[in-house]
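# Topology and contacts: notes
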Amino acid sequence: VPPFKPEKMLMLGYGYGTVAELTRKIWGDLSCTAVDLKELQTYPQDKLIIADAFKWIEEEKEQYDYIAVDLFDGRQASSEILTYPFLANVQRILTPKGLASIHFVGGDIMTKENKELIERYFKVDRVKTVDTSWILFLKHKDNTTEYGI
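These remarks concern the structure in this document. (Residues numbered from 1 in each chain as written. Predicted model: local features only at pLDDT ≥ 70, side-chain atom pairs only at ≥ 80, totals over all residues. Heavy atoms only, no water.)

### Focus on the layout of surface pockets
How we decide: Buriedness for pockets is judged along seven lines, at least five of which must meet protein on both sides within 12 Å for an open set on the 1 Å grid over protein atoms alone, while cavities are sets there where a 1.4 Å probe fits but cannot get out, and lining residues have an atom within 4 Å of a point. Grid points are joined across faces, edges and corners, and a volume is the space filled by probe spheres set on the points. By the criteria applied, helices consist of DSSP H or I runs no shorter than four residues and strands consist of E runs no shorter than two, each listed in order from the N terminus.
The space that makes up the second largest pocket amounts to roughly 410 Å³. For the second largest pocket, the lining is made up of 19 residues, of which D36, K38, D70, L71 and F72 are closest to its centre. Those elements that provide at least two residues to the lining of the second largest pocket are strand 2 (32-36), helix 2 (53-59) and strand 5 (72-73).

In structure tokens form, the structure reads like this:
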């Protein structure tokens, strides 16, 4: 959940809508654009795009101040998340003062290689762990905003 009320929220992977629901509980009514592979029940104010998020983001022109990445292949985060093209596209559509969160499940994802890859595009604002879940909060390298997550 972002530490501010997003003006334009993007969810790459909507799942059961947990992020949207929790964000609304904290920040009140808002709308978001969600990209998922299948038709899902969403809030009426949400825009659902049925597409492969990895292909969709390549063409996206809009910018968002909060991007939640929650893309899974079964029980594991998609291996395509930690690739140069995907992270470059997330950076490109994130507003200069925006925040992105990426959800992983499993072992330590902050290996030396992954950290170098992520830091090529972002500054790691925070890393949250809950049980076996990891959530990375990322911002542009020149963003000095302290979000206090």
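And the narrative resumes.
### A few points about the sheet that holds strand 1 (residues 9-12)
To be explicit about the condition: Strand pairing is defined by DSSP finding a minimum of two bridges between the two strands. Here, axes are lines fitted to C-alpha atoms. For helices the fit covers the stretch in contact, and angles between N-to-C directions go from 0 to 180 degrees. Residues are treated as being in contact if the distance between any of their heavy atoms lies within 4.5 Å.
Read across the sheet, 7 strands follow the order 3-2-1-4-7-9-8 without closing on themselves; strand pairing throughout is mixed. Edge positions in the sheet fall to strand 3 (47-50) and strand 8 (123-130), since each of these pairs with one other strand and no more. For this sheet, the mean inter-axis angle between neighbouring strands, taken without regard to orientation, is 15 degrees. By the bridge criterion, 4 bridges tie strand 1 to strand 4 (residues 64-69) in an arrangement that is parallel. Considered in strand 4, the bridge of L10 is made with I67. Strands strand 1, strand 2 and strand 4 of the sheet are contacted by helix 1 (residues 18-27), whose axis makes an angle of about 155 degrees with strand 1.

### What to know about helix 3 (residues 84-93)
What counts is decided by this rule: Categorising residues by exposure relies on relative accessible area from a 1.4 Å probe, with only protein chains included: less than 20% of the type maximum marks a residue as buried, more than 50% marks it as exposed, and the intermediate range marks it as partly exposed. To be clear, the arc concerns the directions from the helix axis to the C-beta atoms.
Restricting attention to buried positions, one finds in helix 3 the residues F86, L87, N89, V90 and I93. Angular distribution of buried residues about the axis of helix 3 spans 160 degrees; they occupy a single face of the element. Those residues of helix 3 hidden inside the fold are in contact with strand 1, helix 2, strand 4, strand 7 (94-105) and helix 4 (112-121).

### A short note on the pattern of salt bridges
A pair can form between side chains of opposite charge whenever their charged atoms are brought close. Worth spelling out the cut-off: Whenever Lys or Arg places a side-chain nitrogen within 4 Å of a carboxyl oxygen from Asp or Glu, that contact is recorded as a salt bridge.
This structure, assessed with the given rule, holds 9 salt bridges. Between K8 and E62 there is a salt bridge, with the nearest N and O atoms lying 2.3 Å from each other. One end of the pair, K8, is in the segment before strand 1; the other, E62, is in the loop between helix 2 and strand 4, and 54 residues separate them in sequence. For E62, a relative accessible area of 42% translates into the label partly exposed. Of the charged contacts in the structure, one is a salt bridge between K25 and E21, with a shortest N-O distance of 3.6 Å. With K25 and E21 both in helix 1 and 4 residues apart, the pair spans about one turn of that helix. Taken together, the shared-partner salt bridges connect D125, R126 and K139 into one network.

### Notes on the nonpolar core
Spelled out, the test is: We define the nonpolar core as a collection of buried residues of types Ala, Val, Leu, Ile, Met, Phe, Trp, Tyr and Cys that are connected through side-chain atoms lying within 4.5 Å of one another.
One finds L12, I67, I81 and F86 to be the most contacted residues of the largest nonpolar core, which totals 31 residues. Broken down by secondary-structure element, the contributors of at least two residues to this core are strand 1, helix 2, strand 4, helix 3, strand 7, helix 4 and strand 9 (133-139). Not counting chain neighbours up to four residues away, the residues in contact with I81 comprise F54, V69, L71, F86, L87, I102 and F104. In this structure, F4, M9, L30 and Y66 belong to the second largest nonpolar core, which totals 15 residues.

### Some remarks on the environment of V35
Its place among the elements puts V35 in strand 2. With a relative accessible area of 0%, V35 lands in the buried category. Setting aside its immediate chain neighbours within four residues, V35 contacts L10, M11, L12, G13, Y14, I49, A51, A53 and W56.

### Digging into the packing of aromatic side chains
Defined as follows: We call Phe, Tyr and Trp rings a pair once their centres come within 6.5 Å, taking the six-membered ring for Trp, and we label the pair stacked below 30 degrees between planes, edge-to-face above 60, and tilted otherwise. Working rule: Lys NZ or Arg CZ, within 6 Å of ring centre, within 35 degrees of ring normal, means a charge sits over the ring.
Throughout the structure, instances matching the rule amount to 2 aromatic pairs. The side chain of K8 reaches across the aromatic face of Y64, ending 5.0 Å from its centre.

Worth remembering: the numbers are spatial, not functional.
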